[in-house]
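Coordinate analysis (summary)
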Amino acid sequence: MMLIRPPRFLSPSPAPGPREPRLRRPLDASRIFSSPRPPGRRPRAASPATDLRRLTARIVDLTRRRQLAQIMEEVEAARRRARGGGVLNTIVMNAVLDACVRCGDVDRALRHFEEMRGPRGCGVDGVSYGILLKGLGIARRIDEAFEILESIEKDSSIGSPRLSPHLICGFLNALIEAGDMRRANALVARFRKVLYEGHSVLLYNLLMKGYIKSNFPLGALTVKDEILRQGLKPDRLTYNTIISACVKSAEIDKAIQFLEDMKEEANRESNPELLPDAVTYTTILKGLGNSRDLYSVLKIVVEMKSSLLSIDRTAYTAMIDALLACGSIDGALCIFGDIIKQAGNNKDLRPKPHLYLSIMRAFATRGDVDMVTRLSKRMWPDSVGFISRAAKEEAHELLMEAAINNNQIDLARGLLRRIVNEKECFSWTSRVGLVAVKVESLSGFTNSLLRPHVFPQIILDDPVEKYMVSFQESRPLPADIILRKVVMRFLKDRAVPLVDDWGGCVGIVHRDDCTKLDAPLLSMSRGPLCVPTSTTVEHVIDLLLREKSEMVIVVKSGNMYEGSYTSSSRPLGVFSLAILWSFTGDYSSDIQDPDFSRVTTLKQNAEACNRN
């Protein structure tokens with residue numbers, strides 16, 4: 001008989017007995033969806049380099065959301081956790097510098113830069129200097145930026161950065177964005193040798209962009225001549241910038257010529273990268289819409305749709321805006337139908353709310369209540385993006401305007417009642433305020449919704465001569481006088497007429513246009529809006545609503561209904577919104593003036609200039 005011994009290292013099994021029920025641990029969601037860990041192996045700790053990469057990505061994400069305080073908290077926490085005295089590397093700190101610059105805190109960026117290049121810092125490189133120069137340019141601290149550039153040029157800066165186009169272009173772009181072409185040209189002249197390394201057209205494109213942002217957009221054409229003299233070839237961005245400059249200067253013929261040159265050069269060199277893109281055509285359409293050239297707009301639309309160009313939502317919107325500006329509502333509806341049809345397969349083409357509002361404005365002017373109502377209803381489910389409260393309010397206001405233009409007074413009154421009940425405040429100078437005046441006037445003021453703001457003394461069929469004030473009583477100002485000398489006048493009056501040396505009216509200055517204290521009033525004026533004495537008050541209200549003006553000039557000439565002022569038509573008087581509001585019951589106490597703070601600021605600036 002042979003005995004079998006149990007294996008070594010194994011304890012004998014206990015005698016079998018009744019088994020106790022085994023308690024189950026509750027399942028954890030993290031264990032269900034995570035991969036099982038091999039038995040006996042602990043999770044591997046993340047390396048310091050991985051942690052810093054995650055921190056950098058986190059800083060970049062928070063920078064997009066402009067959460068600088070949160071960035072500083074997480075950076076301080078990372079310093080406390082870091083080994084070796086809490087020093088982070090240069091890549092992380094460069095991300096912190098960029099966050100400070102993008103969030104507008106240049107002083108904090110300078111403090112971090114000093115820490116980085118200090119004895120216990122992580123060090124700085126060319127990227128650090130580039131970010132700091134960009135921030136100083138945005139903050140308009142030009143002298144400090146030039147001091148840093150000179151120290152880099154003399155090779156006396158910590159980190160031994162090298163002067164390069166990439167280092168300077170950030171600072172140059174900040175100057176250009178601010179419209180400071182004088183200092184931008186000075187920077188180019190000072191570091192011309194560095195900036196012209198590689199003979200790239202990038203620098204020239206930046207300079208052209210600066211001329212567009214300044215008051216001399218056609219200066220971009222001189223930069224194009226310099227490109228050709230240097231033996232360089234303009235790229236698509238160069239042509240797009242030049243076309244934008246021509247459109248801004250209302251030189252639409254030159255813009256069309258550059259478009260043709262662009263296509264001709266692309267075909268001659270077989271370079272598809274030079275063909276016009278959506279940005280090119282969008283810019284052209286904006287200029288053609290401003291010039292009311294319907295034939296050319298239709299020609300560009302056909303050219304875009306027949307080419308291999310990928311037309312995005314912005315390009316479609318530009319087509320509709322140009323057609324509406326030219327008065328072609330039917331053409332705009334055709335393009336709008338195209339967008340809606342293609343948006344079923346391409347969600348990126350779904351129109352935004354402002355496109356619906358643009359079309360609704362055109363139909364409201366026509367008095368087409370049905371189309372405005374249908375577009376208003378479809379704006380909610382079919383548009384993309386957030387519909388602001390202002391957009392919702394404007395949709396109701398446009399429906400009221402369409403109703404009043406279609407002589408549906410009861411519908412207009414019902415909509416006005418709804419608007420008045422929903423609005424916390426009511427501005428008489430807004431679009432809805434002017435329409436409300438017409439609603440109240442046509443309803444006969446028997447049951448006013450806007451009491452005590454009613455006009456019992458005004459009859460719409462009366463000639464404007466009955467309610468105007470004499471031209472001399474309006475106290476016109478000389479056209480060549482400087483705003484700083486008469487800024488106090490605009491504390492009381494929202495619009496003031498201007499006269500020349502012969503007493504003729506040459507313009508009207510609105511308070512909203514008073515932006516330059518040292519400029520003559522004529523440079524900020526609008527052309528005088530003139531009506532003859534026989535014009536009805538109803539037409540004058542419509543004219544003020546359409547032109548968004550505060551005042552009309554009443555003239556004696558009978559052959560001119562409205563338009564520009566001529567020397568043969570002597571000004572007899574003025575009729576303004578202020579005169580209209582003076583017929584309300586409590587004009588001085590209830591009507592808020594939203595521009596009072598702006599004029600107060602102008603007053604303070606004028607006093608400061610006088611002290612200096």
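All values derive from a computational prediction rather than experimental measurement.

1. A few points about the sheet that holds strand β5 (residues 530-532)
If you trace the 4 strands from one edge of the open sheet to the other, you get β1-β7-β6-β5, paired in mixed fashion. With partners counted over all chains shown, the strands left at the sheet margins are β1 (469-470) and β5, one partner each. One ladder, built from 5 bridges, connects strand β6 (residues 551-555) with strand β7 (residues 571-576); its direction is antiparallel. Among the inter-strand pairings, V554 is bridged to a residue of β7, identified as G573. Against the sheet, helix α25 (residues 537-547) touches β5, β6 and β7, its axis set at about 135° to β6.

2. Observations concerning the side chain of K263
In this structure, K263 sits in helix α14 (residues 252-268). Judged by relative accessible area, K263 falls into the buried class, the value being 17%. Not counting residues within four places of it along the chain, the set of residues in contact with K263 comprises P276, Y281 and E303.

3. A short note on the sheet that holds strand β3 (residues 495-499)
Strand order in the open sheet made by the 3 strands is β2-β3-β4, with mixed pairing throughout. Each of the sheet's edge strands pairs with one partner strand only, and the pair in question is β2 (477-478) and β4 (505-510). By the bridge criterion, 2 bridges tie β2 to β3 in an arrangement that is parallel. Within the sheet, the bridge partner assigned to L477 lies in β3 and is L498.

4. Some words on α25
Buried within α25 we find V537, H539, V540, I541, L543, L544 and L545. Positive backbone phi, at 55°, marks K548, one or two positions downstream of α25.

5. A word on the UniProt feature "repeat: PPR" (unreviewed entry) in the chain
According to UniProt, the positions carrying the feature "repeat: PPR" (unreviewed entry) are residues 89-119, 200-234 and 235-269. Secondary structure content for residues 89-119 is 77% helix and 0% strand, and the end C-alpha separation is 14 Å. With 86% helix and 0% strand, residues 235-269 has end C-alpha atoms that lie 12 Å from one another.

6. Examining the pattern of salt bridges
What the rule picks out here adds up to 27 salt bridges. Of the charged contacts in the structure, one is a salt bridge between E394 and R361, with a shortest N-O distance of 2.8 Å. Placement of the pair is E394 in helix α21 (residues 389-405) and R361 in helix α19 (residues 353-366), with a sequence separation of 33 residues. Note on E394: relative accessible area 18%, which makes it buried. Among the residues examined, R361 registers a relative accessible area of 31% and is labelled partly exposed. Three or more residues joined by partner-sharing salt bridges are found here, namely D61, R64 and R65.

7. A few points about the nonpolar core
Generally speaking, nonpolar side chains in soluble globular proteins are found buried as a group. I59, F171, L187, L285 and I320 are the most contacted members of the largest nonpolar core, which totals 152 residues. Within the second largest apolar cluster, 15 residues are counted, among which are A479, I481, F490 and L521.

8. Here's the deal with the environment of V486
Relative to the helices and strands, V486 is located in helix α24 (residues 483-486). Overall, V486 belongs to the buried group, its relative accessible area being 12%. Note: C-alpha distance between V486 and L517 (31 residues apart in sequence) is 9.5 Å. Those residues in contact with V486 that lie beyond four places of it in its chain are L477, I481 and L521.

9. Some points on the packing of α19 against helix α20 (residues 369-382)
Look at α19 against α20: their axes get within 9 Å of each other, and the N-to-C directions meet at 175°. The angle between α19 and α20 falls in the class roughly antiparallel. Contacts between α19 and α20 involve P353, Y356, L357, I359, M360, F363 and A364 from the former and M371, V372, L375, S376, R378, M379 and D382 from the latter. Looking at the contact of α19 with α20 residue by residue, the class counts come to 11 nonpolar, 1 polar and 2 charged.

10. As for helix α13 (residues 236-248)
Between its terminal C-alpha atoms α13 stretches 18 Å, which fits the 18 Å expected from 13 residues at 1.5 Å a residue. All of the buried residues along α13 are T238, Y239, N240, T241, I242, I243, A245, C246 and V247. The inward-facing, buried residues of α13 contact α11 (202-213), α12 (219-229), α14 and α15 (278-290). Residue A250 follows α13 closely and has a positive phi angle near 60°.

11. With respect to the packing of aromatic side chains
What characterises a pair of aromatic rings is the spacing of the ring centres plus the angle enclosed by the ring planes. Overall, the coordinates contain 3 aromatic pairs when judged by the stated rule. A centroid spacing of 5.2 Å and a plane angle of 85° characterise the contact between F336 and Y356, whose relative ring orientation is edge-to-face. Taken as a pair, F336 in helix α18 (residues 329-343) and Y356 in helix α19 lie far apart in primary sequence, 20 residues in all. Accessibility assignment for this pair places F336 and Y356 in one class, buried.

Reading the values: the criteria
Each chain carries its own residue numbering, running from 1 in the written order of its sequence. Since the coordinates come from a predicted model, pLDDT governs what is reported: local features require at least 70, and pairs of side-chain atoms require 80 or more to be given and counted, while whole-chain, interface and lining totals use all residues. Hydrogens and water are ignored here; the side-chain numbers use all heavy atoms of the structure. At least two bridges found by DSSP between two strands are what make those strands a pair. Labels follow the DSSP assignment, with helices taken as runs of H or I lasting at least four residues and strands as runs of E lasting at least two, numbered in each case from the N terminus. Should any heavy atoms of two residues lie within 4.5 Å, those residues are counted as being in contact. The convention used is that axes are lines fitted to C-alpha atoms, helices contributing only their stretch in contact, and that angles between N-to-C directions extend from 0 to 180 degrees. Any residue under 20% of the maximum accessible area for its type is buried, any over 50% is exposed, and the rest in between are partly exposed; the area is computed with a 1.4 Å probe on protein chains only. UniProt positions are given in the numbering used here, feature names are shortened, and annotations may be inferred rather than shown by experiment. One side-chain nitrogen of Lys or Arg within 4 Å of one carboxyl oxygen of Asp or Glu is enough to make a salt bridge. The criterion is simple. A nonpolar core is a set of buried Ala, Val, Leu, Ile, Met, Phe, Trp, Tyr and Cys residues joined through side-chain atoms within 4.5 Å. Each angle is binned into one of four classes, with values under 35 degrees roughly parallel, values over 145 roughly antiparallel, values of 65 to 115 roughly perpendicular, and all other values oblique. When residues are grouped by polarity, Ala, Val, Leu, Ile, Met, Phe, Trp, Tyr, Cys and Pro land in nonpolar, Asp, Glu, Lys and Arg in charged, and all others, Gly among them, in polar. What a helix is expected to span follows from its residue count: subtract one and scale by 1.5 Å. For this analysis, a ring pair means two rings from Phe, Tyr or Trp (six-membered ring only for Trp) whose centres lie within 6.5 Å, classed as stacked if their planes differ by under 30 degrees, edge-to-face if by over 60, and tilted for the remaining angles.

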